Amino acid sequence: MTNLKSLIREVPDFPKPGILFYDITTLMKDPKGWRCVVDSLKDHYKDCKVDAVVGIEARGFFFAPTLAYALGVGFIPVRKPKKLPAETASIEYALEYGADRLEIHKDAISPGQRVLIVDDVLATGGTAAAVASLITQLGGEVAGLGFVLELDFLHGREKLAKYEVFSLLHY
Ligand code: AMP
């Protein structure tokens, strides 16, 4: 297997002092690395009943639609406020300072649909937990949450204890 960690660039003090930023653009531009990421996620979910993959703006949009294509299911975007044109459902969630909001089209999920949520990084888990609760509010079932990498020391998966959580890489 390709050494994926060696392809992820670690940028200190971005976007602010004290944060070590995991830059996945260096992984995505490597043909073998990119294929390995998508194939490994696909392998993990190939026997799981998934009706659609939800991606979280912005970096989730690199991985979620690609995985949806590989699994042969549709892709549903969860976006920052005021980007989606039709009627939306939204959820507000706490950030380190202040709050943020994410939106999804109200008719994006059919009741009982099994949805896989995909993002690049699982950090504190606040974003993923908010998206999982948005899906549930719309009557969807969270089939799982998949990440390229997980920052274990932030214990984000504790906020997602109700769900199956899978990360390709752990830091
Ligand atoms: P969180 O809600 O704390 O789990 O973090 C949510 C989002 O922040 C993820 O979608 C990541 O894209 C991004 N993120 C958080 N920490 C990092 C990091 N150290 N490097 C790269 N992205 C990060």
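Structure first, text after, so check above.
Because the structure is a prediction, the values reported are computed rather than measured.

Conventions used here
- Residues numbered from 1 in each chain as written.
- Predicted model: local features only at pLDDT ≥ 70, side-chain atom pairs only at ≥ 80, totals over all residues.
- Heavy atoms only, no water.
- Helix = DSSP H or I, 4+ residues; strand = E, 2+ residues; numbered from the N terminus.
- Expected span 1.5 Å × (residues − 1).
- Buried < 20%, exposed > 50% of the residue type's maximum accessible area, 1.4 Å probe, protein only.
- Contact = heavy atoms within 4.5 Å.
- Pairing = 2+ DSSP bridges.
- Axes fitted to C-alpha atoms, helices over the stretch in contact; angles between N-to-C directions.
- Parallel < 35°, antiparallel > 145°, perpendicular 65-115°, else oblique.
- Left-handed = near helix turned anticlockwise from the far one by under 90°.
- Nonpolar A, V, L, I, M, F, W, Y, C, P; charged D, E, K, R; others polar.

Student: Residue-level account of helix H4 (residues 126–137), with values.
Tutor: Note: α-helices contain 3.6 residues per turn, so residues at a spacing of three or four share the same orientation. Between the first and last C-alpha of H4 there are 17 Å, a value that for twelve residues agrees with the 16 Å anticipated at 1.5 Å per step. Those residues of H4 that fall on the buried side of the exposure criterion are Gly126, Ala128, Ala130, Val131, Ala132, Leu134 and Ile135. Of the surrounding elements, those touching the buried residues of H4 are strand S3 (52–56), strand S4 (74–78), strand S5 (88–94), strand S6 (99–105), strand S7 (114–122) and strand S8 (141–150).

Student: Run through the pairing of strand S9 (residues 165–170), naming residues and quoting values.
Tutor: For S9, a buried count of five out of six residues is recorded, marking the element as mostly surrounded by other parts of the structure. Note: S8 against S9, five bridges, orientation parallel. Across the sheet, Gly146 pairs through a bridge with Phe166, a residue of S9.

Student: Describe the packing of helix H2 (residues 31–45) against helix H3 (residues 60–71), listing the residues and the values that go with them.
Tutor: Between two packed helices, the angle of one axis relative to the other and the distance separating the axes together describe the packing. The contact between H2 and H3 brings their axes to 10 Å, and the two run at 60 degrees. Looking at the two axes, H2 sits oblique to H3. Relative to H3, the crossing made by H2 is right-handed. Two secondary-structure elements touch here, H2 through Trp34, Val37, Val38, Leu41, Lys42 and Tyr45 and H3 through Phe62, Phe63, Thr66, Leu67, Ala70 and Leu71. Here the contact of H2 with H3 is built from residues that sort into ten nonpolar, one polar and one charged.

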